[in-house]
Structure formats: C-alpha cells, structure tokens
Amino acid sequence: MSKNFLEVFPSLHITEELRELLNLVEVEKVTLGRDRSSIRIYLMSPRLIHKQNIYGLEKGIKDQLFPSKRITIKIIERFRLSGQYTPQKLLKAYKESLLMELKNYSIIEYNMFRKAQFQFPEPDLLKMTVEDTIVTHEKAGDLKRVLEKIFHERCSMPVEVQYEYVAPKENELAKQKELQMQREVEEIVSRTSFAVNREEGQNEYIAGASEGTAGPSMADGISLDTLTAEYTALAPSDQASQTPAPALRMGGKKETTKTGDSDTGKKEWKDYKKGGGSYGRRSDNPDVLYGRDFDGEIIEIDKIDGEIGEVAVRGKILTVDSRELRSQKTIMIFDVTDFTDTITVKMFAKEEQIDDLKAAVVQGSFIRIKGVTTIDKFDGELTLGSVVGIKKSEDFTGKRVDNSLEKRVELHCHTKMSDMDGVSEVKDIVKRAKRWGMPAIAITDHGCVQSFPDANHALDKGDSFKLIYGVEGYLVDDLKQLVENSRNQGLSDSYVVFDIETTGFSSSRNRIIEIGAVRVVNGNITDKFSTFVNPDVPIPFEIEQLTGINDNMVLPYPKIDEILPQFLEFCGDSVLVAHNASFDVGFIAYNAARLNIAFDPTVIDTVALARLLLPKLNRYKLDTVAKALNISLENHHRAVDDAGCTAEIFVAFVRMIRERGVETLDELNGLSTMSADMIKKLPTYHVIILAANDVGRVNLYRLISYSHINYYARRPRIPKSVLNKYREGLIIGSACEAGELYQAILRGVSDAEVAKLVNFYDYLEIQPLGNNAFMLRDEKSSIKSEQDLIDINKRIVSLGVQFGKPVCATCDVHFLDPEDEVYRRIIMTGQGFKDADDQAPLYLRTTEEMLKEFEYLGPNKAEEVVIKNTRKIADMCEKISPVRPDKCAPVIENSDEDLRKICYDRLMPSMEKPFPQLLQNVWRENFIPSYPMVLRLCISSLRNWFGNPMRMGIW
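For the structure given in this document, a descriptive report is provided here. (Residues numbered from 1 in each chain as written. Predicted model: local features only at pLDDT ≥ 70, side-chain atom pairs only at ≥ 80, totals over all residues. Heavy atoms only, no water.)

### Some remarks on the overall build of the chain
Helices and strands together make up the secondary structure of the chain, namely 34 helices and 29 strands. Burial analysis of the chain (955 residues in total) assigns 44% to the buried set. Only carbon and sulfur atoms are counted for the fraction: they give 50% of the accessible area of the chain, which is about 52,100 Å². (Helix = DSSP H or I, 4+ residues; strand = E, 2+ residues; numbered from the N terminus. Buried < 20%, exposed > 50% of the residue type's maximum accessible area, 1.4 Å probe, protein only. Areas by Shrake-Rupley, 256 points an atom, 1.4 Å probe, with all protein chains shown as cover.)

This is the structure we're talking about:
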C-alpha cells in the first residue's frame, strides 16, 4: 500500500518548492538490508525529479533522520509520465539529470554521453553518434545498458540504443600531451640504459645511441612495450651476482627481498620510523624542504571534500604557530591557501626535525605539501596531517600579462564606488590596464561618477593613457505611448481584451498553452473566446503549479498552428488590449511570423493606463489593479478568467478616460507624457553612457544629477526622454544581460521591436558566457544550456551587422583577478543573495583571454568584437579631464583688503582704549584674511574673542 512521501517523512526539512513536488510523490515501499546498513526507498512520481534533488533527499534523510547511524540511503525513483512525453521529448527534458547521474557513475560514460549526438529515426530507437575509439567501444555496451534501463524501468518507455561511430576529431592539446609523454619515456629509458651501460661496461645498443646512430625511440614508431622488452633483454642475466635495486612501494617504503642485506634495509626503515638516529631529508632534490620527495596531481583546496585520504596541495603560508609539548615534541600549526580555500596543517616534530621544519614553513612563502586529510578531533575542522614532505613552489598566482600585439579596451568597469558591488580601487584598475599596454579603459560605476577624481589622479602628467569617463545608468523607457500603432480608433469601437498562459517567458523558446479573449464594444462585453493549446511539449511543473493546467488537459486540443488563425479571425480589426501587453502580443506576433500570418494590430496596455489613471498604486499587477477598482478576480493565472477581469478593468478605464474629455486613441496618446512619480514606478534597464568630449562630460553630470534629484526611487533613474535631450557628446551602449536589448531577446519580442531598440544604441555589448551562467541555475529561466547563451551573443552580433552597429566584447569588471571574487562573495552574502557563492567571473581579462572566450564566433569576428570595435569606441572619445582646469576656488578682486577693512571697522568700537600698539602692528602688517578667521568672526563674540589675545591664533 503506497503512501504520500510527506506522510512517510513528515519531519524531513526540505525547501518549499521541493515540498510542492513531493506532495505528488508516493512511496511504494521501503526495504532494509540484511545487515541493516542500507535502506532503499522506492518512489513513484507523476513528474520528473532531477537527480540533484534525489541526491539531496538521500543526504537529507541520512543526516536528519539517522544522524548517528552508519547507514546508506538509496532512493529508486520511477515516473508515471503523461502522454505528452515521447522518448525524444524525455531525453530533452531529462538530459541534464542523466548527465549528473552518469558523472557519479562513470566519468568515461559521462563524457561519451555529453559529446554524443542524438537522433530518433524511429520513436523507440535512439541512435547515438560517438567517436570511434577503443574507449568508446569498450564502454558502449555499459552505457547502452544504463540508458535502456533508465528509459524502460524508470520512465516506462522502452527504447533501443544503437551506436554510429565516426572518426575522432583531432585534439591538439591531447596530441601535445602525447608527444610530451613520449619524450619523457624516451628520457627515462635513455637514463636507465645509461645506468645499465655503466654497470655492464659495454653495450652495443647504448653505444649506438650515444654516437648518434639510429637507436630506437618513440618517435620512430617503437611502442612502449617494445622499448620495455628491449630494456629487459639488456638487464644483467646473472641474478645471483647482482644486488637488485630496491623498488618503492606505496608510501615510499623500500621493497626488499629475503636475500643479501635485506635485514639491513628493514632496520634502516624501522629506525627512521621510530626516530632512532638523527633526522635527515630523504631526497637529493634541492626543492625538498622537509621530509621526502613526492609527486602526484595537485588538488585545489576547495575540491577537498572531507577525509579523502592522501592529497598534495600547493599554496601560500598565511600564518605560522608552534608550541612545545610535554612529550619533548613541538607542534607546528600553519594555514595554507591556494586562493580557492584555506586549510590548516598540523605537524608534530622531534627536536632534530625542528630546524628543517622552521626553514620550510615560513610565513608568506609558497610550498607544495603532501599529507593526509583528517577531521581534527579537537576543533572538528578539516586539517592536513601525517605530512609526507614539503617542497618549494613557484608563486602560482603569477602576474597575468597581456601578450597580444594589439590590445583591447575595456568599456565596462566598476570600482568600489559601485556601492556593495565592485571591490577594486580605481587606481589599481588603471595601473593594471596601463601595465598590460591597453590604450584606454572606461570607468562605468553604477549610477555615480565618484571615482573620476581618483581615476584622474592615477595618471602621470603627460600620460598617453586615455581614461573614458562614463556610467552604468538605470534607464527608464518613458517614451512608450499608451497606444501602440494607433489608427485613431474611437473608444466606442471594437476591442478584444485577451490573455495567454505559456510554458515560460520567452516567445521563441516557450509555447502557448491557453488563450482567453473577450470582445468589448462601446463599453459592453459582447463575445468570448477560450481554448487550450497543445504545446507539443511537457508542461513544466512550476507552470502547472501556477496555472493549474497539466498535460492531460491540453492533450485533446489542436496545436498553435490551428488555434492561432481561429483567434486572429475572432480578433479581426479590433484593437488588442492586454495587461502587460508586450508579453502576450509578443507570443502572438512570434507565432504569427512563424506561420507567415500578417499581424500588425493596434495595442493598448492596461498597465500603462493604470499608471496614468491610478498613480497612487505602488504596484500594477493584475490582482492589485483589480482590487483597487473593486473588480473580482477568481482563478488568477487562467487565461479566460484573467481576460474577463482585464476586460472589466478596461471598461472602467474607458469611463475614466472619457471623464477627461478623450474620445479617440490619438487623443489618448496625448496623455502619454509621464510625471516624475510615474517614472519612479517604471521598470529599469542597465545602460552604458560614455562621455566622448567635454560637452558629453557636462551632459553626463546633468544626467547623474537629474537621476538622483528628480527621479530617484531605490536607484537613480535616467528617463529616455531626458537622455535624448542631453545626448550630445555621449556614446550609448546596450550594457549587460540587464540591458533593454538583452532582455528583449530573452523575451523573444518581435523583430520590429528589436530593431527599434538596436537603433537607439550607438554600440551593442556582449559578455563572456560565465557572466550570465547564473541563468542556467534558475529553473524558471528559459536559458537551459550554454549553447543558449552562445546563441544570444550570436544574435546580438548579427544585429550589429544588420544595423551597422559596432558590437563590443566587455568583461563587466567588478574585481581585478579571478581569486578576488571572494571579496564580492562576502559583500553579496551580507546582502542576503542566495547565490553569493556562485560568483560570476567578473574579472579584468587580457586580450588573449577575451579572444578565447569568444572563439565560437570564429577568429576574425572574435578579433573584431574584442579588439577592433572596442578600440574604435575608445578612439571616438577625446582625452578629457573630469573637471575643467580653471574650476577652482573663486577669485574676488581686492577681497583681502575689503575683508581687513570690514573686520577692523567692526572691531575698533568694541576695543578698550588705547588700542595696544603691538596689536595694531600685527593687524596692519601680518593680518591675512582666511576662511577659518571669517568662521571665527561669525561664531564668536567679538569682545570675548579679543579679551584674550592668545585665543586669536595670530601670536
């Protein structure tokens, strides 16, 4: 008998989003292993559950319900999916989960699946195209078994997996590594052969090689096995007369035989371990500072997940502390950081080891250290102990340099003046750009220009480096008319008020699942239109939760190619009305264009009308506006109900508009001018504004002043109308993903709307994929893969070509180096950001790093957006000062004489007679009026002040 998951585990603490999903999940059975060391939980879910959530549940059940038990929790999930799913749709929806599962199962099979191409020549046949290598042939059967098991047993969709093999792509990096390995093998073999030659006295093979004759090598096509066999043949045959060289086992101990002096070898190791005899380094390697030499892959400290055994790390020593113990030993405690994280090392040293250890562990030095990860029983912290050895290490933080012959220019850079966001001093940014050879850099803090003086002072007199003064402003579109594409219709004409429900927010990536519409004529509702739409894709769980619409409800209905013509026929020539109309009309326009249906309606947005007619509201969501007008709204987020509510709102607005004497849409557009209060409630977008010359500098300061004084609401807003008014001398860029253009592309607005936006900007901006990777972690985002981010950047590049706008690649710099992200992480954590630990790589990149970031555009286009266009924008900006040189303290003619006379005339009547001669001389000869003296005159009693001449400050 199955039970609801939340009934079986009522005390389990989980997120609210996951709780809603688990409310639909049933627990079919729970089994306990024979040895009571494992629990298996069998789940049945009507919705897909990502493997990350499954792993989280396993950990949560173990940690919360069995905290002190040594027990393993394993969840076996099965899905009862709707008829909307096919194997092909399932693969698309479940691929990221499959990748995570395969990565935990086998990294080889994970990479095979990740790199494979997929086709479904038949509904139940999955053809995977993989590289033709020994590894793929060996693992193909296992991967096939895993995938078929998941499709069949977990998802009840029997699928056969077949492979198609193609020649592997040549990997230049792998080729270089292979050549390097070959050279290392040759070197090892040659050194070993030389040693044999010395022992044997003569060897024809070695002699030939040393004289330059054709000795075999890896380069000649001889395999490693062949070389090993030949070396074995050269080894001494008289085993009895030779002492075998000791071989090292794991841990560095010597393998010895029971013949010869094997007992001596044992004694030496035993003595060393027990401390018998004096301590000495066990390596001739001069880089070894303590202990013995070691090799092995270096692991980053932040990748150390608990007690994982012996590891080798490198890092900088931050702090060192040592204490003598009663046992005559000394404990040495020091912290090592590799700038991904920090770990504490604890070592117990005998008296003879102290000197070497102190020489090895010096604060500020860089070391490599190998030891065992352990949880310290005293403080419960992860530490490194049982240290094998300590070696010298280079300063791997290494100063990054820009080696490109032609340098790029950074046009988007934040300093500490971007409050609670940027972390770098402007002078450090300028110095780094100069050291790398960049010809210029733009300073673009959020909404302010406070860093300009410090930036200017970072330059030397006569410096050729150019500072571009700018700002990343918060743009508000106050130019939108209340009625788009007006044909001067009257308020008594036909209006269709409609609403749609969709699978997401992007018209190009998501689908319509419901359309509801109401016809309004002369203020009366005359007709209705309502239908579901089969999206031909599974409806996401969060959309089902929001709208109440599931796959089974939409499956019987036609797809959009049948429904849309019916809806447009219902609309006819009517004016379209919607709440947040750009969203609804955007979906209709996109699908009409895809189906080659003409679509050019007049559109009214009730949100814009609400801002005009209900200015006291703080928010303009549909339910808020309905409540303000006392209109009932039931079943919110269902198209037909939302359309009916919006229709009643529109009818109420028509009455309010007529009270203002307006009868036509052109007259309505005459009311479009927005007040400052209305602008404060509009959404904001990021925009880059650069001063090209002194006129632009003055206009930039005007915009900053207006944004803070007239339009400030949570942030300083710059209306488009004001920006257009003072646009002379300014260069306008489209900014980051929070910019107007990027957001429009995300929403999938019409080409006409995109064209209008592109024409507003002087240049367009694209950024590295890591800057926008946060969208991949957002389940509600329409961006599902890195390729989606690449496609958006490519779209912006193509728009630049289409409209003749330069496209510039920028870093959106918030810190100088990758490791500096930790400071921004701390700042964002303090502000309550949940993803503060997932910092975007917002560091200043070199030209080579940026070219590599955009190599998917091709070498020529990458060079254009990274170097040529950024330098082009920099060349458009003159070299200017943030303030005019003659802007200093005001000069008033004869001000010192006038002030002296005024002060003397005011003071004399209050002074005792006769006036002291000494004071008269000081006054006439040495008195120099200054602002501090004027201040004293204003705030002090004259009689009191001069009653004690020592308080005058002139003696």
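### Some thoughts on the pairing of strand 3 (residues 38–45)
When strand 2 (residues 26–32) meets strand 3, the two strands line up antiparallel, connected through six bridges. Bridged to L32 within strand 3 is I39. With eight bridges connecting them, strand 3 and strand 4 (residues 72–79) associate as parallel partners. Note that in strand 4 the partner of L43 across the bridge is E77. Crossover connection from strand 3 via helix 3 (residues 51–65) to parallel strand 4: handedness right-handed. (Pairing = 2+ DSSP bridges. Right-handed = clockwise from strand over helix to strand, strands pointing away.)

### Notes on unusual backbone geometry
The backbone of R36 sits at a positive phi, close to 60°, despite the residue not being glycine. Residue class for R36 comes out exposed when judged on its relative accessible area of 61%. Positive phi is not limited to glycine here, since S386 has a value of about 45°. Summarising the element assignment, S386 is placed in strand 15 (residues 382–392).

### Description of the nonpolar core
L467, I604, I689, L723 and I766 are the most contacted members of the largest nonpolar core, which totals 108 residues. With nine residues, helix 20 (residues 639–658) is the largest single contributor of residues to this core. For I689, the residues in contact, after removing those within four places along its chain, are Y469, G470, V471, L700, L703, I718, L723, L730, I731 and I732. Listed in part, the 50 residues of the second largest apolar core include Y85, Y110, V130 and V161. (Core = buried A, V, L, I, M, F, W, Y, C linked by side-chain atoms within 4.5 Å. Contact = heavy atoms within 4.5 Å.)

### Points about the side chain of T129
Structurally, T129 is set in strand 6 (residues 125–131). Not counting chain neighbours up to four residues away, the residues in contact with T129 comprise A116, Q117, E164 and V166.

### Description of the sheet that holds strand 22 (residues 575–578)
Ordered in space as 18-23-22-19-20-21, the six strands form an open sheet in which the pairing is mixed. Looking at which strands have only one partner, the edges of the open sheet turn out to be strand 18 (483–484) and strand 21 (524–532). The sheet contact formed by strand 20 (residues 512–521) and strand 21 spans eight bridges and is antiparallel. Counted as the bridge partner of G516 is S530 from strand 21. Packed on one face of the sheet, helix 16 (residues 560–571) meets strand 19 (494–502), strand 20, strand 21 and strand 22 and runs near 10° to strand 20. Relative to the sheet, helix 18 (residues 606–613) contacts strand 22 and strand 23 (603–605), its axis offset from that of strand 23 by approximately 50°. (Axes fitted to C-alpha atoms, helices over the stretch in contact; angles between N-to-C directions.)

### Quick look at the packing of aromatic side chains
On inspection of all chains with the given rule, the structure shows 15 aromatic pairs. When the ring of F79 is compared with that of Y94, the centres are 5.8 Å apart and the planes differ by 80°; the resulting orientation is edge-to-face. Taken together, the positions of F79 in strand 4 and Y94 in helix 4 (residues 87–105) put the pair 15 residues apart, joining distant regions of the chain. Considered together, F79 and Y94 belong to a single accessibility category, that of buried residues. Here the aromatic rings of F113 and F118 are separated by 5.0 Å at their centres, their planes lie at 55°, and the arrangement is tilted. Members of the aromatic cluster, joined through ring pairs, are F498, F529, F567 and F570. (Phe/Tyr/Trp six-rings, centres within 6.5 Å; stacked < 30°, edge-to-face > 60°.)

### Points about helix 12 (residues 426–435)
Along helix 12, the residues that are buried comprise V426, I429, V430, R432 and A433. Along the long axis of helix 12, the arc covered by the buried residues comes to 160°, so they all point the same way. In this structure, the buried residues of helix 12 make contact with strand 16 (440–446), helix 13 (452–457) and strand 17 (466–476). After helix 12 finishes, the residue G437 shows a positive phi value of roughly 90°. (Arc of directions from axis to C-beta.)

### Let's talk about the sheet that holds strand 2
Taken in spatial order, the four strands line up as 1-2-3-4 in an open sheet, and their pairing is mixed. Edge positions in the open sheet fall to strand 1 (3–4) and strand 4, since each of these has one partner strand only.

### Section: the environment of D419
For D419, the position within the fold is in the loop between strand 15 and helix 12. Taking the C-alpha atoms as reference, D419 lies 9.6 Å from G447; in sequence the two are 28 residues apart.

### Observations concerning the environment of V288
Mapped onto the elements of the fold, V288 is located in strand 10 (residues 288–291). Along the primary structure V288 and I367 are separated by 79 residues, whereas in three dimensions their C-alpha atoms are 9.7 Å apart.

### Focus: a nonpolar patch on the surface
A contiguous nonpolar patch, built from I107, I108 and V135 and spanning about 230 Å² of accessible area, is present on the exposed surface. With respect to the helices, strands and loops of the structure, I107 is situated in helix 5 (residues 107–115). (Patch = residues over 30% accessible without salt bridge, like charges linked within 9 Å, V, L, I, M, F, W, Y side chains within 5 Å. Salt bridge = Lys/Arg side-chain N within 4 Å of Asp/Glu carboxyl O.)

### Side note on the packing of helix 26 (residues 751–760) against helix 27 (residues 786–803)
At a closest axis distance of 11 Å, the pairing of helix 26 and helix 27 adopts a crossing angle of 70°. In terms of their interaxial angle, helix 26 and helix 27 are classed as roughly perpendicular. Between helix 26, through D751, V754, A755, V758 and N759, and helix 27, the contact on the second element is made entirely by R795, L799 and F803. (Parallel < 35°, antiparallel > 145°, perpendicular 65-115°, else oblique.)

### Let's talk about the packing of helix 16 against helix 17 (residues 581–594)
One way to put it is that helix 16 packs onto helix 17 with a least axis distance of 11 Å and a crossing angle of 115°. Looking at the two axes, helix 16 sits roughly perpendicular to helix 17. As helix 16 runs across helix 17, the sense of the crossing is left-handed. Residues I560, L564, F567 and L568 of helix 16 form the contact with helix 17, whose participating residues are I588, N591, A592 and R594. Within the contact of helix 16 with helix 17, the residues separate by chemical class into six nonpolar, one polar and one charged. (Left-handed = near helix turned anticlockwise from the far one by under 90°. Nonpolar A, V, L, I, M, F, W, Y, C, P; charged D, E, K, R; others polar.)

### Overview of the pattern of salt bridges
What the rule picks out here adds up to 42 salt bridges. The partner of E310 in a salt bridge is K370, and the shortest N-O contact between them spans 4.0 Å. On the criterion of sequence distance, the pair formed by E310 in strand 11 (residues 310–324) and K370 in strand 14 (residues 366–375) is long-range, its members being 60 residues apart. By relative accessible area, E310 is classed as partly exposed at 42%. Look at K370 and you get buried, because its relative accessible area is 18%. R323 is paired through a salt bridge with D321; the nearest N and O atoms lie 3.4 Å apart. The exposure class assigned to R323 is partly exposed, which follows from its relative accessible area of 48%. Residue classification places D321 among the partly exposed positions, given a relative accessible area of 35%. Via salt bridges that share partners, K51, E77, E101 and R154 belong to a single interconnected network.

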